[in-house]
Amino acid sequence: MKTLAVIPVKSIAHAKSRLSNQLGPKGRETLVFSLLNKIIGTFKSCLNPKDILIVGLDPDVERLAKVEGLSFLKESGGGLNSALKQAAIWATDHCFEAILISPLDLPFLSPDDIQSIIGLGGEEGTMVIAPDRAYFGTNILYLNLPTKFNFCFGKGSYDQHLKQAESCGLKVKLFYSFGTSFDLDDYDAYQVWMAYQN
């Protein structure tokens, strides 16, 4: 299936707020762009750049997307789930058959992870979900298009997305790996990532 990778990016000024006690605004901005560049490189290693969409509001993120040859969709400002609904409509309008949604803060995500998820989602009417380490949140979601699926990213999104899949009559496939489950959303994860960098 022709798949569009969707990477939503919050306003840089508000990104990684959970690290505000350890990193100042400039440090968080540097971290966000480091993670964004990392995940863009991962997706570009296994997908055509035109099959990657950045969704956000930040002009610097838009400029980076253009430099990397990616598509950019300016979100309406209604929050993450609204932005993803926009992206799904955009993808359908541009003849994509599926979307793979990934946050930027998965620094260990690999091309093999991406290809495996796309492979699992090849059957029509399938949703592939990759949870966080606690099986509480959703880190990656793969859906066929068009879809009436209501995105529920946020606290407890893993169970919410499973309920959505059931209500839409979708077959659910679970994917779990270190690369998809390790999200850099707290200081402990940040320290692990920094140790790896060094």
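Residues numbered from 1 in each chain as written. Predicted model: local features only at pLDDT ≥ 70, side-chain atom pairs only at ≥ 80, totals over all residues. Heavy atoms only, no water.

### Observations regarding unusual backbone geometry
Next up, step 1: Following Leu-145, the chain continues into Pro-146 via a peptide bond in cis, with omega recorded as -5°.
Next up, step 2: Looking at where Pro-146 falls in the secondary structure, it is placed in the loop between strand 6 (138-144) and helix 5 (157-167).
Next up, step 3: If you check the backbone angles, Cys-95 has positive phi at about 70° while not being a glycine.
Next up, step 4: Here Cys-95 shows up in the loop between helix 3 (80-93) and strand 4 (98-101).
Next up, step 5: Even without being a glycine, Tyr-135 presents a positive backbone phi close to 55°. (Helix = DSSP H or I, 4+ residues; strand = E, 2+ residues; numbered from the N terminus.)

### Quick word on a nonpolar patch on the surface
Next up, step 1: Judged by side-chain polarity, Tyr-135, Leu-174 and Tyr-176 come together as a nonpolar surface patch covering roughly 290 Å² of accessible area.
Next up, step 2: Mapped onto the elements, Tyr-135 comes out in the loop between strand 5 (126-131) and strand 6. (Patch = residues over 30% accessible without salt bridge, like charges linked within 9 Å, V, L, I, M, F, W, Y side chains within 5 Å. Areas by Shrake-Rupley, 256 points an atom, 1.4 Å probe, with all protein chains shown as cover. Salt bridge = Lys/Arg side-chain N within 4 Å of Asp/Glu carboxyl O.)

### Things to note about the confidence of the model for the protein
Next up, step 1: Looking at the protein as a whole, its pLDDT mean stands at 91, while 93% of the residues score no less than 70.
Next up, step 2: When pLDDT is averaged over each helix and strand of the protein, the minimum, 77, is found for helix 7 (residues 187-197) and the maximum, 98, for strand 4. (pLDDT = per-residue confidence, 0-100.)

### Regarding the environment of Val-6
Next up, step 1: Examined against the element boundaries, Val-6 turns out to sit in strand 1 (residues 3-9).
Next up, step 2: With 82 residues separating them along the chain, Val-6 and Ala-88 place their C-alpha atoms 8.9 Å apart.
Next up, step 3: Those residues in contact with Val-6, other than ones at most four positions away along the chain, are Leu-53, Val-55, Leu-84, Ala-87, Ile-99, Leu-100, Ile-101 and Ser-102. (Contact = heavy atoms within 4.5 Å.)

### Digging into the nonpolar core
Next up, step 1: Ranked by size, the top nonpolar core spans 40 residues in total, and within it Ile-7, Leu-36, Ile-39, Phe-43, Ile-54, Leu-100 and Leu-104 carry the most contacts.
Next up, step 2: Looking at this core element by element, the count peaks at eight residues for helix 1 (residues 25-44). (Core = buried A, V, L, I, M, F, W, Y, C linked by side-chain atoms within 4.5 Å. Buried < 20%, exposed > 50% of the residue type's maximum accessible area, 1.4 Å probe, protein only.)

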